[in-house]
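Analysis of the macromolecular model
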Amino acid sequence: MAIVIIRQDGKIPIWQEALKKAAPQIVVYSYLEPHPKEEIIMALVWKHPKGQLMDYPNLECIACSGAGVDFIFEDMERPKALPITRVVDTMLAKDMSEHVIAVIFSYLKYLGHYRVDQMRKIWKPMQYRRIKDFKVGILGFGALGSVLAEDLVRFGFRVQGWSKSTKSLENIESFAGLDQLSAFLATTEILVCLLPLTDDTVGILNASLFEQLPKGAYIINVARGGHVVDADLIEYLENGHLSGACLDVFHEEPLPTDHPFWEHDKIHMTPHYASVSDTESVVPQIIENFRRLQRGEPLLNVVSKEKGY
Ligand code: GLV
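Residues numbered from 1 in each chain as written. Predicted model: local features only at pLDDT ≥ 70, side-chain atom pairs only at ≥ 80, totals over all residues. Heavy atoms only, no water.

1. Thoughts on the pattern of salt bridges
Note the following rule: In the sections that follow, a salt bridge refers to a side-chain nitrogen of Lys or Arg positioned within 4 Å of a carboxyl oxygen of Asp or Glu.
Here the structure, examined in full by the defined rule, presents 13 salt bridges. When salt bridges that share partners are traced, they join Glu288, Arg292, Arg295 and Glu297 into one network.

Below is the structure:
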């Protein structure tokens, strides 16, 4: 019984090393080297080539090495009956929270604006903004969103969250379902998208949603590029309804060099780096699930195929 790692970002050796260090007795192959396919019971994947999972006749589990599993559901040629697991990790959640908080403070204190002024040798202080001036709304209130919400509250932000079902977190207003989306948007000045990408959420950051935000709202997308209708975002930045956007994820990554986001003065971009699974932190839960598979026990962090996350 063995694990195969399937990913195309050059990080197979790092994952192999981390697994070997934590559990030297477990056999871990790279899908790029010759390996006995019938031995594989777990595939540890990240944006694997579509159809690749069909190569393993005894596969029992598709283990995603990140939090978002949308790319697995997009692979129509996968063994559909198999359980899919995802990463739920404190470090992943904290990394995400730190990134979003950094973006919010940069926005609040006009750091991007002053950088541009500096390049032009312009000295022009503005009235600065304070934490109390903003209500942050988090779309997607799961493992990542709730940690961010609690951290923001500790800084003194007013925070509200929107999700499928109502969540109860201290000092954070919870909105749930499509019925309450408008009320949530109407009072959100900084909108953070942390939703899973599913049939229900694809394209959710569109003109109709932007229209319901207060004028001057700021968008932070750290979930998936598929949540955004790019043309609508540009339209709402250009008509002045939105004050700016900070994007970490895109429909196509790397973002093609001719995409209008690159040169847009109201868009800040980072290269899908807000929160990336740390191998040492994540490997124990992969090993635990491998052992559970061997013992025939229920797996941890199993994705709901109905919900898509
Ligand atoms: C990163 O995008 C992840 O889903 O873990």
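2. Quick look at the domain arrangement of the protein
Cut-off, in case you're wondering: Domain borders in the structure are assigned automatically or taken from a domain database. Contacts are assigned to residue pairs that have any heavy atoms within 4.5 Å of one another. Accessible-area loss on putting two parts together, using a 1.4 Å probe and summing over both, is the definition of buried area adopted here.
Domain boundaries in the protein define domain 1 (2-89 + 277-295) and domain 2 (90-269). Between domain 1 and domain 2, the C-alpha centre-to-centre distance is 32 Å. Listed as interface residues are 13 residues of domain 1 and, on the opposing side, eight residues of domain 2. Each partner contributes to the roughly 790 Å² buried at the junction of domain 1 and domain 2, and carbon and sulfur atoms together form 54% of this total. If you sort the residues of domain 1 by the area they bury against domain 2, Ala67, Asp70 and Asp89 come out on top, with a joint share of 54%. For the pair domain 1 and domain 2, the interface holds two salt bridges. A salt bridge links Arg224 to Asp70; its shortest N-O distance comes to 2.9 Å.

3. So, helix α3 (residues 90-108)
Going by this rule: Where helices and strands are cited, they refer to DSSP runs of H or I of at least four residues and of E of at least two residues respectively, numbered from the N terminus. Helix span, expected: 1.5 Å multiplied by one less than the number of residues in the helix. Only protein chains enter the area calculation, which uses a 1.4 Å probe; residues under 20% of their type maximum are buried, those over 50% are exposed, and those in between are partly exposed.
The terminal C-alpha atoms of α3, which comprises 19 residues, lie 27 Å apart, in line with the 27 Å expected from a rise of 1.5 Å per residue. Looking at α3, one finds that the buried residues are Leu92, Ala93, Met96, Ser97, His99, Val100, Ile101, Val103, Ile104, Tyr107 and Leu108. The inward-facing, buried residues of α3 abut β6 (135-139), α5 (143-155), β9 (190-193), β10 (217-221) and β11 (242-247). Note on α3: the residue one or two positions beyond its end, Tyr110, has a positive phi of about 60°.

4. Quick notes on the site of the ligand
Let me state the cut-off plainly: A single heavy atom is enough: if one lies within 4 Å of a molecule or strand, its residue is considered near that molecule or strand. Pairs of N or O atoms within 3.5 Å make up the polar contacts considered here, provided that, within protein, one atom can donate a hydrogen while the other can accept it, and that residues adjacent in sequence are counted only when both atoms are side-chain atoms. With residues, only the protein chains shown are counted as cover, and all accessible areas are computed by Shrake-Rupley using a 1.4 Å probe.
In the vicinity of the ligand, the contacting residues are Trp46, Gly66, Ala67, Gly68, Arg224, His272 and Ser275. With respect to the ligand, the backbone of Ala67 contributes an N or O atom lying 2.7 Å from an oxygen atom. In the model, an oxygen atom of the ligand is placed 2.8 Å from a nitrogen or oxygen of the Arg224 side chain. Across the complex, the protein chains shield 88% of the 200 Å² of accessible surface that the ligand would expose by itself.

5. Comments concerning the pairing of strand β2 (residues 27-30)
Which entries qualify depends on this criterion: Strand pairing requires that DSSP identify at least two bridges connecting the strands. For crossovers, right-handed means that the path from the first strand over the helix to the second runs clockwise, given strands pointing away from the viewer.
Two elements, strand β1 (residues 2-7) and β2, share four bridges in a ladder whose sense is parallel. By the bridge assignment for β2, Ala2 is matched with Val27. Read from β1 through helix α1 (residues 12-22) to β2, the crossover connection turns out right-handed.

6. Focus: α1
Heads up, the rule is: Taking the helix axis as origin, the arc is that swept by the directions to the C-beta atoms.
Three or more residues of α1 are buried, namely Ile12, Trp15, Ala18 and Leu19. Each buried residue of α1 sits inside an arc of 135° when the element is viewed along its axis, so together they form one side. Within α1, the exposed residues directed more than 90 degrees away from the buried face are Pro13, Lys20 and Lys21. The elements touched by buried residues of α1 are β1, β2, β3 (40-46) and α9 (279-295).

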